[in-house]
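# Coordinate analysis (summary)
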Amino acid sequence: MCGIVGVVSNAPVNQLIYDALLLLQHRGQDAAGIVTQQERKFFMHKAKGMVRDVFRTRNMRALPGDVGLGQVRYPTAGNAYSEEEAQPFYVNAPFGIVLVHNGNLTNAKALRSELFSTDHRHTNTDSDSEVLLNVFAHELERATRGLPLQSEEVFAAVRAVHKRVKGSYAVIALIAGHGLLAFRDPHGIRPLAMGRSADGTVMVASESVALEGTGHVFERNINPGEAVFIDLKGQIHSQQCAENPKLNPCIFEFVYLARPDSVLDNISVYQARLNLGETLAKRVVSTVPPNEIDVVIPIPESSRPSATQLAHLLGLPYREGFVKNRYVGRTFIMPGQGVRKKSVRQKLNVIASEFKGRNVLLVDDSIVRGTTSREIVQMARDAGANKVYMASAAPPVRYPNVYGIDMPTSTELVAHGRTVEEVRQIIGCDALIYQDVDAMKAAIGSLNSGITGFDASCFDGVYVTGDITSDDIVRLNENRVGQDEAGDTDTSRLALPNAQEA
Ligand SMILES: O=P(O)(O)OC[C@H]1O[C@H](OP(=O)(O)OP(=O)(O)O)[C@H](O)[C@@H]1O
Ligand SMILES: NC(=O)CC[C@H](N)C(=O)O
Ligand SMILES: [Mg+2]
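Conventions and cut-offs
Residue numbers here run from 1 along each chain, matching the order of that chain's written sequence. Throughout, the order in which chains and ligands are written sets their labels, letters from A for the former and numbers from 1 for the latter. Per-residue local features are limited, in this predicted model, to residues with pLDDT of at least 70; the limit for side-chain atom pairs, both in listing and counting, is 80 or more; totals at the level of whole chains, interfaces and linings are taken over all residues. These domain limits were set by an automatic method or by a database of domain assignments. Residue pairs qualify as contacts under a 7 Å threshold applied to their C-beta atoms, which are placed from the backbone. Every helix listed is a DSSP run of H or I at least four residues long, and every strand listed is a run of E at least two residues long, numbered separately from the N terminus. All residues other than Ala, Val, Leu, Ile, Met, Phe, Trp, Tyr, Cys, Pro, Asp, Glu, Lys and Arg, Gly among them, are scored as polar; the first ten of these are nonpolar and the last four charged. Two strands pair if DSSP finds at least two bridges between them. Axis angles are defined between N-to-C directions and span 0 to 180 degrees, where every axis is a line fitted to C-alpha atoms and, for a helix, only to the segment in contact. Any residue qualifies as near a molecule or strand once its backbone-derived C-beta atom lies within 6 Å of it. Exposure classes come from backbone-placed C-beta atoms, where a residue is buried if 20 or more other C-beta atoms lie within 10 Å of its own, exposed if 12 or fewer do, and partly exposed in between. Any angle from 65 to 115 degrees is called roughly perpendicular, while one under 35 is roughly parallel, one over 145 is roughly antiparallel, and all others are oblique. Two helices that cross are described as forming a left-handed crossing if the nearer one is turned anticlockwise from the farther one by less than a right angle, and a right-handed crossing if clockwise.

## Structural notes on the domain arrangement of the chain
- Domain parsing of the chain yields domain 1 (3–246) and domain 2 (265–478).
- With centres defined by C-alpha atoms, the gap from domain 1 to domain 2 works out at 32 Å.
- With 21 residues of domain 1 in contact, the opposing surface of domain 2 contributes 18 residues.
- Those elements that place two or more of their residues in the side of domain 1 that touches domain 2 are β6 (97–105) and β7 (167–175).
- Here the side of domain 1 that touches domain 2 takes 3 residues from β6, the largest share from any one element.
- Residues belonging to the side of domain 1 that touches domain 2 are distributed by class as follows: 5 nonpolar, 11 polar and 5 charged.

As structure tokens, this is what we get:
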């Protein structure tokens, strides 16, 4: 996942986009970029790093104009180390377009060769987002055929994009001299919302927190498959551009990715995490009698709402046993297993008195590679804990994700092909309690009856786009640079229950 934002205003937008990106920083720590437009000219600055490091005062001054967009990147395709793959991406024809993308295309390789051989367009990086921009640009050219651009032609281009592009994509694009376009894939896998401020500024962003934190009132979500075009006067045009749209948002957004103060697709992320804590409490009771637990301790940061609710329901004390160094970023979205492992110790330190001689129940939102839990369990033991139980508010992560979360192979997932008991032994805890898949879906799904189903592929192996083969997963991982140093290329243990054998 990445964080994206776009703004149409009557006043300079550089600071506004910067502020919104800071509020979306948790979605991508690897690179950041902003484009603004003044009199049909684009001004861009992008680089690797966190928002506060990428933009110096001189860069901000060089971003004039009342319309623009920005992105924080967490790479899921191409090269994690490449400066060129930082977003936004730009093409000069037709009109001049810049684009930011959150998600992951599953047919980027085929599209890249199609773009070259049939559409005669050149892409210069391994980024799937550059492919997406070129497909859109080609289709916009086709729809306008040299005529002036109206919203109808923009929608025709998005309709064509939906037919050619597979995977997940929440997109914001700026068409020079015309306006800002936002659209979402036909399954609405990645979130996208729109809001407005008192002075008429319109903002589109990945999460509602970016709207609220910059003085905008949430108006609505962009629907799956829908395109919204905001012209330079702030007039909003919208159209459903997919043939069979369905709302299947990524459930991992609610488990871990999004900020708890965001509301995605009308579901409060905080409430979703409270509900997960509630259902997890029921699972804990059936494995470890509550009178054998002295204290519930969350693993900061994302597990806190679930852990508080769990402790409350079990009538157990909730204590902070780990203190987070706020200057270390999120470890899960860092590229490379070595750096992730080191970061857990740098990031979390124990308050030894909370552990000494006690039976502790540690609660995390999810166990993915097991990096965090292994370290944490050992730290709890070193601090003198008697028994160390571990509970995960999400079910075992067993399958690769192809829709924009960086878990591209099953071999790196600690629960892949292993029983809960085997995972418990690897993590080294005295009992391991996982959430149940159906209970997780019910706990979150009960908060919005309009959701027909979630993308929960990393938990259940069901890929909502219905077109993912085992070969696709191997291929998607082939060109990745800058991820885990070991293990990632071994795809021999791939097992996808609903993947078609290619
Ligand atoms: O099993 P693993 O591969 O270690 O991944 C799971 C851990 O990673 C995430 O924490 P992270 O530090 O990224 O962010 P947070 O501070 O929001 O919890 C998540 O909350 C788990 O703690
Ligand atoms: N996490 C994302 O949304 C990543 C977007 C895009 N696939 C990239 O790697 O840049
Ligand atoms: Mg965590």
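What follows continues from the structure just given.
## Section: the sheet that holds strand β1 (residues 3–8)
- Here 7 strands make up an open sheet; going across it, the order is β3-β2-β4-β1-β10-β9-β11 and the pairing antiparallel. The outermost strands of the open sheet, each flanked by one partner alone, are β3 (41–48) and β11 (217–221). Here the average twist between neighbouring strands, direction ignored, is 15°.
- Sheet analysis places strand β9 (residues 193–196) next to β11, joined by 4 bridges and oriented antiparallel. Paired with G195 across the strands is F218, a residue of β11.
- Packing of helix α1 (residues 14–23) onto the sheet brings it into contact with β1, β2 (31–38), β4 (67–73) and β10 (202–205), and relative to β4 it is tilted by some 25°.

## Examining the site of ligand 2
- Near ligand 2 you find 17 residues, and of these C2, P75, T76, A77 and N102 are the closest.
- Mapped by element, the contributors of at least two residues to the shell around ligand 2 are β6 and α5 (128–144).
- Counting residues per element, the shell around ligand 2 draws most heavily on β6, at 4 residues.
- Among the residues forming the shell around ligand 2, the class breakdown is 5 nonpolar, 9 polar and 3 charged.

## Thoughts on the pairing of β7
- Burial of β7 is extensive: 9 of the 9 residues sit out of reach of the surface.
- Burial of the side chains of β7 extends over both faces: G167, Y169, V171, A173 and I175 are buried on one face and S168, A170, I172 and L174 on the other.
- Here β6 runs beside β7; their pairing, made up of 9 bridges, is antiparallel. Paired with N104 across the bridge in β7 is S168.
- The sheet contact formed by β7 and strand β8 (residues 179–184) spans 6 bridges and is antiparallel. When the sheet's bridge partners are listed, L174 is paired in β8 with L180.

## Some points on the sheet that holds strand β20 (residues 387–392)
- Reading across from one edge, β16-β19-β20-β21 is the order of the 4 strands in this open sheet, with parallel pairing throughout. A single partner strand is all that each edge strand has here, and the edge strands are β16 (295–298) and β21 (431–434). This sheet shows a mean twist of 25° between the axes of neighbouring strands, independent of strand direction.
- Across 4 bridges, the pairing between β20 and β21 is parallel. If you follow S392 over to β21, its bridge partner there is Y434.
- Contacts between helix α10 (residues 304–314) and the sheet are confined to β16 and β19 (359–364), with β16 contributing the most and set at about 170° to the helix.

## What about the packing of α5 against helix α6 (residues 151–164)?
- Viewed as axis vectors pointing N to C, α5 and α6 meet at an angle of 135°, and their least axial separation amounts to 8 Å. The angle between the axes of α5 and α6 places the two elements in the oblique class. Crossing handedness for the pair α5 and α6: right-handed. In this structure, α5 uses V135, F136, E139, L140, A143 and T144 to contact α6, whose residues at the interface are E153, V154, A156, A157, A160, V161 and R164.

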